[in-house]
Amino acid sequence: EAVDTEHFQPRSNPYQHFSAPTVKTHRVRLKPFEIEDIENFKIPPGNRRYDAQQVFLFAYYLQGMRASDVIQLKWQNVKGIYVHYKAGKTEKTRPRKLILRAQAILEYYGSEGRQRNDYIFPFLKGLNRKDYNAEEWLKKLDSKNALIRKELKNIANELGLEALSMHVARHSYATNALRATNGNVHLVSDSLDHSSIAITEKYFSAAEPEENDDLVFKVFGE
């Protein structure tokens, strides 16, 4: 619009003839058996490490829900076997089915008296969104995510995993979902609330060795 109304001259745009170099990032993606290792890792309840483990698994079970969205979930978002919420990044409102393992997590955190407006997970306990402006609230969310990441790093060290963070749960779900749907990137992209297929495709790097072996078998029969 600025160009059309001549408020901005394209010739002064320093990016018009410049393309930033493509840098491949290393994305940690856990296989299903590694997710099982996290599920089976015994941590006494009632501490931050246990909470970090549970919120990581819950995000994975809820189709790779973003960290900022999952820690802001309240009991009023739970309706039957679904969680209804608005994604903070895309502002899409949609339900997410609660598998039995996710329901078990909710049963633990809802075992005591709870109010509709209470947060499900304890990281934002005592904080009221209305008391902060957008920038301040974002900083609060970032600080809570950093706390979770610290505890997940300790869990990763115990289990001998490369790394753990809330985003690893998202990447792991994306990769495992792609395999489970025989490469249906459109379905996976929709479940991740991505605005385009291109964003989803960035989540996937080169095939794993065993996937390549399977391809060779399908092509050559050996």
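Above: the structure in question.
What you are looking at is a predicted structure, and each value in this text was computed from that prediction instead of being measured.

**Q** Help me out: how do you make sense of the packing of aromatic side chains in this one?
**A** Two measures describe an aromatic ring pair: the distance that separates the ring centres and the angle between the ring planes. Evaluated as defined, the whole model comprises 6 aromatic pairs. Pairing tyrosine 60 with tyrosine 61 gives two aromatic rings, centres 6.2 Å apart and planes at 65°, and the pair type is edge-to-face. Across the pair, tyrosine 61 and tyrosine 60 agree in class, each one buried. Judged by centre distance (5.6 Å) and plane angle (45°), the ring pair of tyrosine 132 and tryptophan 137 falls under tilted. Overall, tyrosine 132 belongs to the partly exposed group, its relative accessible area being 22%. An aromatic cluster of three or more residues is present, and its members are Tyr50, Phe58, Tyr108, Tyr109 and Phe121. The cationic tip of lysine 74 hangs over the ring face of tyrosine 119; the distance from NZ or CZ to the ring centre is 5.0 Å. One residue, arginine 114, lies across the ring of tryptophan 75, its end atom 4.1 Å from the ring centre.

**Q** Got a minute to help me understand the pairing of strand β2 (residues 82-86) in this structure?
**A** Each regular strand displays side chains that alternate between the two surfaces of the sheet. Across the two faces of β2 the burial differs, with Val83 and Tyr85 buried and Tyr82, His84 and Lys86 not buried at all. By the bridge criterion, 2 bridges tie strand β1 (residues 78-79) to β2 in an arrangement that is antiparallel. Opposite valine 78, over in β2, you have valine 83 as the bridge partner. Here β1 folds back onto β2 in antiparallel fashion, the turn holding 2 residues, of which glycine 80 has a positive phi close to 70°. Judged from the 5 bridges that link them, β2 and strand β3 (residues 93-97) form a sheet pairing that is antiparallel. Within β3, the position partnered with tyrosine 85 by the bridge is arginine 94. As consecutive antiparallel partners, β2 and β3 are separated by 6 residues, and within that stretch glutamate 91 has a phi angle of approximately 65°, a positive value.

**Q** Hey, could you run me through the sheet that holds β3 in this one?
**A** Sheets are built from strands paired through backbone hydrogen bonds, the pairs being either parallel or antiparallel. A sheet is described by the order of its strands in space; here 3 strands give the open sequence β1-β2-β3, paired in antiparallel fashion. The sheet terminates laterally at β1 and β3, the two strands that pair on one side only.

**Q** Got a minute to help me understand the side chain of lysine 74 in this structure?
**A** The topology assignment puts lysine 74 in the loop between α3 (67-71) and β1. Buried charged residue lysine 74 carries no salt bridge. Nearest counter-charge: aspartate 118, at 7.8 Å. Of note is the side chain of lysine 74, whose polar atom sits 3.1 Å from the side chain of asparagine 117.

**Q** Help me out: how do you make sense of the nonpolar core in this one?
**A** In summary, soluble globular proteins display a tendency toward joint burial of nonpolar side chains. By size, the foremost hydrophobic cluster in this structure holds 54 residues, and its most contacted members are Phe56, Phe58, Val70, Phe121, Leu164 and Met166. For this core, the secondary-structure elements that each account for two or more residues are α1 (32-40), α2 (48-61), α3, β2, α4 (100-109), α5 (134-159), α6 (166-180) and α7 (185-191). A total of 9 residues in this core trace back to one element, the largest contributor, which is α2.

**Q** Honestly, the packing of α2 against α6 in this entry has me stumped. Any pointers?
**A** Geometry of a packed helix pair, given as the angle between the helix axes and the separation of the axes. Direction vectors running N to C along α2 and α6 enclose 30°, while the axes themselves pass 9 Å from each other. Judged on the interaxial angle alone, α6 and α2 are roughly parallel. Viewed along their axes, α2 and α6 form a crossing whose handedness is right-handed. Seen from α2, the contacting residues are Val55, Phe56, Ala59 and Tyr60; seen from α6, they are Met166, Val168, Ala169, Ser172, Tyr173 and Asn176. Of the residues in the contact of α2 with α6, the class split is 8 nonpolar, 2 polar and no charged.

Thresholds, definitions, all that
Residues numbered from 1 in each chain as written. Predicted model: local features only at pLDDT ≥ 70, side-chain atom pairs only at ≥ 80, totals over all residues. Heavy atoms only, no water. Phe/Tyr/Trp six-rings, centres within 6.5 Å; stacked < 30°, edge-to-face > 60°. Buried < 20%, exposed > 50% of the residue type's maximum accessible area, 1.4 Å probe, protein only. Lys NZ or Arg CZ within 6 Å of the ring centre and 35° of its normal. Helix = DSSP H or I, 4+ residues; strand = E, 2+ residues; numbered from the N terminus. Pairing = 2+ DSSP bridges. Lys, Arg positive; Asp, Glu negative; His and termini not counted. Salt bridge = Lys/Arg side-chain N within 4 Å of Asp/Glu carboxyl O. Polar contact = N/O pair within 3.5 Å; in protein donor to acceptor, adjacent residues only side chain to side chain. Core = buried A, V, L, I, M, F, W, Y, C linked by side-chain atoms within 4.5 Å. Axes fitted to C-alpha atoms, helices over the stretch in contact; angles between N-to-C directions. Parallel < 35°, antiparallel > 145°, perpendicular 65-115°, else oblique. Left-handed = near helix turned anticlockwise from the far one by under 90°. Contact = heavy atoms within 4.5 Å. Nonpolar A, V, L, I, M, F, W, Y, C, P; charged D, E, K, R; others polar.

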